[in-house]
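# Results of the structural survey
As a plain string of letters, each chain reads:
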Amino acid sequence: MTDLILGIETSCDDTSVALVSRDGTVLACETRAQYSVHAAYGGVFPELASRAHLEAILPVVQEVLQRIDGDISRICAIGVTRGPGLIGSLLVGVNTAQALGAAWGKPVIGVNHLRGHLRSPALDGQSELFPAVLLLASGGHTLVAHQAAPGQIEVLGSTRDDSIGESYDKVARMLGLGMPGGPAIDALAAQGEARYRLPRPMKNEGYEFSFSGLKSSVARLLEREPEAAPADVAASFVAACLDVIRAKLDRAIEARAPRSVVVVGGVSASAQLRDMITELAAHHGIAASLPPRAWATDNAAMIALAAWDYLDQGMETDLRARPNLAFDAW
Amino acid sequence: MKLLIRTSSGPYGAALFEGDRCIAQRETALDALRSRNIGELVAQLLAETGTDLRDINEIGVDLGPGGLSSARSGVSYANALAFGSGAALWGVSALDLQRACAGPGRVLSMRPAAGRKCLWALYHDDRFITAGCDDPTTAVDKGAARGASRAIGPMQRFALPDSPIELVDLDPPSFDAFARVPHRVPIGAPPILTPITSAEALRPPVTPTQAADVLRGGGVVLLPTETVYGLAAMPTHPGAVERIFALKARPAQKALPIMVADLDQARDIGAQITPLVTRLNAQFCPGPLSLVVGIEPARAPWLHERDELAFRIPDDAFLQALLRETGPLFVTSANRSGADPAPDIEAALAQLNGAPDLAVPGPQRGTQPSTLINCRLSPPVIERAGMIPPDQLAEFL
């Protein structure tokens, strides 16, 4: 039986390999996080990232193959992230996939990482309702889009500067929290009170975001009030982020009247964001679709599932690694 | 058949070899540099020669240093191709490849590195001596000071206005050199190779047997001891002993200190093992203690005309293994006459007059020598203070 795609994801700081069937069933997904490699730098350090990918990728492939007893005849194709991401990291994934494809005689499909995120709500038997308004919130991207049907994406607006994930990481560093910043901020915010007034950048205009000013306001707040309780600062920061996101989604839902609101990307693992989205969907009387937490952050299962779309549509494969691959590119 | 992959310099290249015979080789066109793809190139090579991947039983890959993304692409591809196909996999540095194009003699091989620097390695014939990372002018000066007659690499990229040694422009190295460059093919599951990006990664680990071979061939070896870095030579090779003095820029004299693996090796060459020596040995050896003893009778021809010798039993696993292979060695501190002892290879090479035939990489050492006790005098005298404090010695003297 040839029923699986092997997915490979190395666009940023996680080395991930998965086996996924056409209906989104995840047979295996193994991910090596590099937090310890980058902790000393307070961010992802590109050279170290690609070296860590190079050392981890084949052992992770090996682990995943053990789940099918090394029976590579079950694999019909290999799907690999070709962008967007860090070039050195993308090259490790793409070249590994090409060589495995050559050695095993399997086609190799270059996949847009962002299309992977888009497909993540369908992993493990979830279903989606279209048309949908979609929020992608991750370390590399923050954008709102309209999706008429699977694959038909219209970007409404994205961030002008930092992504929301980056601002979480930067604020986490200001508060002396470890990497990754998102879960640390969320956990701290849950114990605090949003007592500080922080700006809501661009809340009242269009669909674009700007998080750089908000981050600077937190820095100034900490300078002005060094005694401020970190939990209260974190809570105030999260409240400001969610307030802006909610305003954009309200606007998009009112303009497009979708059947569901979909949230993808690493930040969708945030409990506070998930609560806000659930409440927002109820308010508008539409469905909320959130990928299972396991599939919210970068992973190869979503890449493998997206690769099925490429295969089913008979797309000509493009294996050129592209750090700035556009959201709506294939 | 053997597949060779080269990506760290110039156009990407791949070649097929049957033994030492090149069957076919392909390079990416220079105008296609931006869309280089080693996978496509290998696929073309196999298709055009009608070769099945299953016929490839060995894959060799260039590990750089060079273009970082390029080297990473080639190495990732080679790792996974070996993983997927079961072929044996080995890697060599681009500096070794350039050296193999340079012919015999003492050669400096240079590759561009980050920050307008270059990673360089110095070779004698095909033997690696040492490596470093410097601006190109400094690298050439260091090579010249260590006896290199020429430097090889992509010289146009270094823009050296003039040079004390001949500059040989080469980019990229040829596949013929690649096929014959010395390498070891690991046995068992293919290794996971990583690109070379530092001078440390260039220094191959040296085994005691390799060092012993160089010494038996009449060479001089720079190596770490548990005190300072030392220069070693076989006492049976007068030429090598003379070279030690030349390297140290010191007038030749016979009384070089001797290292032995144990007391038996010292006894075997005629060292007088008195009760005092036995006592000190039991307490401090192996360790940083040198003992001056009489010779009665000399059992080695190279000790004739001497009535005393200084010996030491080093507390170092590498030296112990080496001494068991070679027998007693002359080992003296690796510094220029009158200068401070060297704590590492670079410090030693910087001050020596020329370069040894092999440098054994090791950890940073101090600058304090071994303690030297003259056991021929009564009472014995500490003639040189060293790593063992005098108060620890007092009760045994």
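Residues numbered from 1 in each chain as written. Chains lettered and ligands numbered in written order. Predicted model: local features only at pLDDT ≥ 70, side-chain atom pairs only at ≥ 80, totals over all residues. Heavy atoms only, no water.

Helices and strands together make up the secondary structure of chain B, namely 13 helices and 19 strands. Taking the principal axes of the C-alpha coordinates as reference, chain B spans close to 85 × 50 × 35 Å. Considering chain B as a whole, with its 397 residues, one finds that 54% of them fall into the buried category. Taking as baseline every contact in chain B between residues at least 6 positions apart, the subset at least 24 positions apart corresponds to 65%. (Helix = DSSP H or I, 4+ residues; strand = E, 2+ residues; numbered from the N terminus. Buried < 20%, exposed > 50% of the residue type's maximum accessible area, 1.4 Å probe, protein only. Contact = heavy atoms within 4.5 Å.)

Each aromatic ring pair is summarised here by two numbers: the centre-to-centre distance and the angle between the ring planes. Counting across every chain of the model gives eight aromatic pairs over all chains. Each ring, one from Tyr 310 of chain A and one from Trp 330 of chain A, has its centre 5.0 Å from the other, and the planes form 85 degrees; the classification is edge-to-face. Of this pair, Tyr 310 of chain A sits in helix α10 (residues 300-312) while Trp 330 of chain A is found in the segment after α10, placing the two residues 20 residues apart along the sequence. For Tyr 310 of chain A, a relative accessible area of 5% gives the class buried. A relative accessible area of 27% places Trp 330 of chain A in the partly exposed class. A ring pair is formed by Phe 175 of chain B and Phe 178 of chain B, whose centres lie 6.0 Å apart and whose planes are at 5 degrees; its orientation type is stacked. Here the residue Phe 175 of chain B and the residue Phe 178 of chain B both occupy positions in helix α5 (residues 175-180), the gap between them amounting to three residues, near one helical turn. No difference in accessibility class separates Phe 175 of chain B from Phe 178 of chain B, as the two residues are buried. Linked through ring pairs, Trp 90, Phe 175 and Phe 178 of chain B together constitute an aromatic cluster. The ring centre of Phe 209 of chain A lies 5.6 Å from the NZ or CZ of Lys 248 of chain A, which sits over that ring. (Phe/Tyr/Trp six-rings, centres within 6.5 Å; stacked < 30°, edge-to-face > 60°. Lys NZ or Arg CZ within 6 Å of the ring centre and 35° of its normal.)

Let us look at the confidence of the model for chain B. Here chain B averages 90 in pLDDT, while 98% of its residues score no lower than 70. Complex prediction metrics read pTM 0.78 and ipTM 0.85. (pLDDT = per-residue confidence, 0-100.)

All names here are of chain A. Orientation of helix α5 (residues 164-174) relative to helix α8 (residues 230-256), taken along the N-to-C sense of each, is 170 degrees, at an axis distance of 12 Å. As judged from the angle between their axes, α5 and α8 are roughly antiparallel. Touching Ile 164, Ser 167, Tyr 168 and Val 171 of α5 are Phe 237, Val 238, Cys 241 and Ile 245, all from α8. Partitioned by chemical class, the residues of the contact of α5 with α8 number seven nonpolar, one polar and no charged. (Axes fitted to C-alpha atoms, helices over the stretch in contact; angles between N-to-C directions. Parallel < 35°, antiparallel > 145°, perpendicular 65-115°, else oblique. Nonpolar A, V, L, I, M, F, W, Y, C, P; charged D, E, K, R; others polar.)

Enumeration according to the criterion identifies 33 salt bridges over all chains in this entry. For Arg 82 of chain A, the salt bridge identified is with Asp 318 of chain A, shortest N-O distance 3.5 Å. Placement of the pair is Arg 82 of chain A in strand β4 (residues 75-83) and Asp 318 of chain A in the segment after α10, with a sequence separation of 236 residues. Residue class for Arg 82 of chain A comes out buried when judged on its relative accessible area of 6%. Sharing partners across several salt bridges, the network here consists of Arg 106, Arg 127, Arg 243 and Asp 357 of chain B. (Salt bridge = Lys/Arg side-chain N within 4 Å of Asp/Glu carboxyl O.)

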